[in-house]
Amino acid sequence: MLPHPRSPWRQRLRSRRWRLWAALILLVVSLLAVLVFLAAEYEEARDQAALEQDAATISGDIRSNLLRNVQTLQTLYSVTPTVDSWSAPAADLLALHRELVRLEWRDTGRRLLAHRDSLYIPDLFSYLDRAQALPEVNLACDNAVRQSGPAYSSSYFWPLRDGKGIEMMEMCLPVTRAGTPAGFLVATYSLPGMLAELTNKDILRGRGLAFNEADGTRLALHSTVAGTRRTLSARAVLDLPGHTLLLQLQSPRLVRGLFPNVLTAVVGALSLALLSVLLLLGRDIRRRQRAELDVAEALAFRKAMEDSLVTGLRARDMQGRITYVNPAFCEMVGLSAEQLVGSGLPAPWWPPELVDEYQQRQMVRLAGQILPREGYESVFQRPDGTRFPVLIIEAPLIDAQGQQTGFMSAILDLTEQRRVEELNRASQERLQATARLATVGEMASLLSHELNQPLAAIASYASGTLNLLEAPQGAELAVAPVQADLVQAMRRIGEQADRAGRVIKSVADFVRRREQAREVVTPQSLIDAIQPLLGLQVKKQGIRLQIHIAPDCPPVLCDRTMVEQVLLNLARNGVQAMPPGDPSTHSGLRLLRLEVGQLRLHSGQTPGGQAQKTWVSFAVTDHGTGLSPEVADKLFTPFFTTRAEGMGLGLSLCRTVIEQHGGALTHEPAQPRGTVFRFTLPGAA
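A. Layout of the overall build of the protein. When helices and strands are counted, the protein shows 17 helices and 22 strands. Looking at the protein residue by residue over its 685 residues, the buried ones come to 36%. For the protein, long-range pairs separated by at least 24 residues make up 60% of all intrachain contacts whose partners lie at least 6 apart in sequence.

Next up, the structure:
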């Protein structure tokens, strides 16, 4: 049997189907090619955009670091105003900034005052003299003067030995002192150093970076792209005052085998297109719902947080109208949110008599002069007339675009704080009353310290009296001289006992901070009162006592007992500062000198800050070993002493007594050795 011939329409249908399949395949292939091309272009465009962004970032980093260096140089000049003090900090600055190869300080005539070179390029100016670069320095300084700020010169090539060289650039910074030009600070930059030190190393990993001229000429190179792979290149302009540099950043681009992956993705996309679209749409809807729920929860949380605050919150626009208040603020001022939102100045909670003052303060703040962030205190008034103190902390209200739209304020009610402060004040008063009990111990210490001297004098005179009374019966002693000595000794004992009583009363008044009785006393009588006891001490130590009182010295107005005690304390310290043999007797320095003279000062220049015209100066000079700086710093500190038997209260008490009289107690080195203690007392009218 012959085969059944195919019908023509079936063949046409099949050929048409094949054509459709061919067209579909061609469409898929075309779509695949387009997708591959678009993906490659997109990736390349994305890589190029990222590279350009990195280039701009590097340019911005270099510009920021250069500006930071300018600020550092300004700080260097401000803290080292002299040429001698400038050199060492400049060397430290060069050690920290390798991009800087030289720092110079020039005067207003651009003459070199001081300079420091970088340690990292020691032979930079050994091949050519620095004077070869003066045209660039002058150009930068001319631009700096015109711009009243830092300016840069054009870059130039500086040759080195062995055929090498480096591209450099000058920066000139004019400096002033008290508004008057004081010269220029010139910083020489190395362009390779700028690329190495002023850029982010993470961005440059595996990339090439260089400075180029506008025509492509390379000025400085930091790194290059390794291998022969395709590279992307981006340029960024580094615009500096006085000069512009072109920064070139290169990055390798790998060729990926995209065809098999894209083909598989296209086949899957063609078979699951509708399902994918539905899934994506459903996922987008779910994401949108979750995002809306998250936003609603965040808003509810913020609202609950603001409503639970005890601190009042208030937002105002730039015209002073209220745009938001929280419940705490409404409760604080006694008004509802509906009454407050939209209201302007004057505010309804301002006291009537303070409206003008508050209005002026708000105008200053709305004009842009913001008060400090630590806040300020004010007074608010409720509708019922009650007033309460508040602390207002205010800050600018910045929107998402970075623009100030108003002011945000936090208001704290200080009523409870004021009540606590009153309670604390009452507690402090009770504590002060309790603290007076502690002064009993202080008074006991002072009494034990100050009574040593009159009691020692009493013991000395009593011992001398006993010696006279216990003399052998057969000794040939004149009766009259012995009786005179006994009478004198007993009189001295009585005087010192009376002095001990006065010391007790004066110290008690001093501890209780009572006003001591002041009387007019001549300096001679003060010296005479302490001379007997002081004479015994200096005689025992082999020290000569020298007293000099100026003839025109006026009497002083003082507490006689306390001032005598001050003189005796200072003189005894001078005696103790000269132990036996130091200084030696034949040196002529074993001398204790008391000097009294009138100190003439203009009105308002007195040691105690009072308007006295006449002051009397008392000076006690010894020739001991002197005071070390460590001892001098702690000399007047209570209970500080350098002697094992001392209590450390003498000088502290002396200074307190003199300051209560309005004077001052000071010390200074004596020549050729020793110390001078000097205090002043007001002269009597």
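B. Main features of the confidence of the model for the protein. Summarising the model, the protein shows a mean pLDDT of 78, and 73% of its residues fall at 70 or more. Long-range and interchain partners of residues 1-7, a stretch whose pLDDT sits below 50, account for two contacts in this model, where long-range means more than four residues apart. Contacts for the low-pLDDT stretch residues 603-611, under 50 throughout, to residues beyond four places or in other chains number 16 contacts.

C. Inspection of the state of the cysteines at higher detail. According to the stated counting rule, one finds one disulfide in the structure shown. Two residues share a disulfide in this structure: cysteine 141 and cysteine 172, whose sulfurs sit 2.2 Å from each other. Sign of the S-S torsion, about 95° for the bond between cysteine 141 and cysteine 172, identifies this disulfide as right-handed. With a gap of 31 residues between them, cysteine 141 in helix H3 (residues 134-147) and cysteine 172 in strand E5 (residues 165-177) connect regions that are remote in the sequence. Across this residue pair, the class does not change: cysteine 141 and cysteine 172 are buried.

D. Expanded view of the sheet that holds strand E14 (residues 387-398). An order of E12-E11-E15-E14-E13 is seen for the five strands of this open sheet, with the pairing classed as antiparallel. Edge positions in the sheet fall to strand E12 (322-325) and strand E13 (376-381), since each has one partner strand and no second. Across the sheet, the axes of successive neighbouring strands diverge by a mean angle of 30°, strand direction being ignored.

E. Fine view of the environment of arginine 492. As for its placement among the helices and strands, arginine 492 is situated in helix H13 (residues 479-511). Distance in space between the C-alpha atoms of arginine 492 and proline 532 is 8.7 Å, their sequence separation being 40 residues.

F. Highlighting a positive patch on the surface. Together, Arg283, Arg286, Arg287 and Arg290 make up a region of like positive charge exposed at the surface. Inspection of the secondary structure assignment puts arginine 286 in helix H6 (residues 273-308).

G. Spotlight on helix H14 (residues 523-541). If you check H14, its first and last C-alpha atoms are 25 Å apart, about what 19 residues at 1.5 Å a residue would give, namely 27 Å. At glutamine 531, H14 shows its largest bend, some 50°, and a proline, proline 532, comes one to four positions later. For H14, the full list of buried residues reads Pro523, Ser525, Leu526, Ile527, Ile530, Leu533, Leu534 and Val538. Backbone geometry just downstream of H14 places glycine 542 in the positive-phi region, at approximately 70°.

H. Representation of the packing of helix H15 (residues 560-576) against helix H17 (residues 650-660) in the model. Contact geometry of H15 with H17 gives a least axis separation of 10 Å together with a crossing angle of 140°. Relative to H17, the crossing made by H15 is left-handed. Contacts between H15 and H17 involve Met562, Val566, Asn569, Leu570 and Asn573 from the former and Gly650, Leu651, Leu653, Cys654, Val657 and Ile658 from the latter. A class-by-class count of the residues in the contact of H15 with H17 yields eight nonpolar, three polar and no charged.

I. Structural view of the sheet that holds strand E10 (residues 243-253). Read from one edge of the open sheet, four strands run E8-E7-E10-E9, paired in antiparallel fashion. Looking along the sheet, the strands with just one partner apiece sit at the ends: strand E8 (218-223) and strand E9 (230-240). Going from strand to strand, the sheet's axes swing by 20° on average, the running direction of each strand aside. As judged from the four bridges shared by strand E7 (residues 208-212) and E8, these two strands associate in the antiparallel manner. Paired with phenylalanine 211 across the bridge in E8 is alanine 220.

J. View of the nonpolar core. Ile62, Leu73, Leu103, Met194 and Phe211 are the most contacted members of the largest nonpolar core, which has 43 residues in total. Counting residues per element, this core draws most heavily on helix H1 (residues 8-79), at nine residues. When sequence neighbours within four positions are dropped, the list of residues in contact with leucine 73 reads Leu93, Leu103, Met171, Leu173, Leu185 and Ala187. Ranked by size, the runner-up nonpolar core spans 39 residues in total, among them Leu534, Val575, Leu594 and Val657.

Reading the values: rules and limits
- Residues numbered from 1 in each chain as written.
- Predicted model: local features only at pLDDT ≥ 70, side-chain atom pairs only at ≥ 80, totals over all residues.
- Heavy atoms only, no water.
- Helix = DSSP H or I, 4+ residues; strand = E, 2+ residues; numbered from the N terminus.
- Buried < 20%, exposed > 50% of the residue type's maximum accessible area, 1.4 Å probe, protein only.
- Contact = heavy atoms within 4.5 Å.
- pLDDT = per-residue confidence, 0-100.
- Disulfide = S-S within 2.5 Å.
- Pairing = 2+ DSSP bridges.
- Axes fitted to C-alpha atoms, helices over the stretch in contact; angles between N-to-C directions.
- Patch = residues over 30% accessible without salt bridge, like charges linked within 9 Å, V, L, I, M, F, W, Y side chains within 5 Å.
- Areas by Shrake-Rupley, 256 points an atom, 1.4 Å probe, with all protein chains shown as cover.
- Salt bridge = Lys/Arg side-chain N within 4 Å of Asp/Glu carboxyl O.
- Lys, Arg positive; Asp, Glu negative; His and termini not counted.
- Charge placed at Lys NZ, Arg CZ, Asp CG, Glu CD.
- Expected span 1.5 Å × (residues − 1).
- Bend = angle between axes of the 7 residues up to and from the residue.
- Left-handed = near helix turned anticlockwise from the far one by under 90°.
- Nonpolar A, V, L, I, M, F, W, Y, C, P; charged D, E, K, R; others polar.
- Core = buried A, V, L, I, M, F, W, Y, C linked by side-chain atoms within 4.5 Å.

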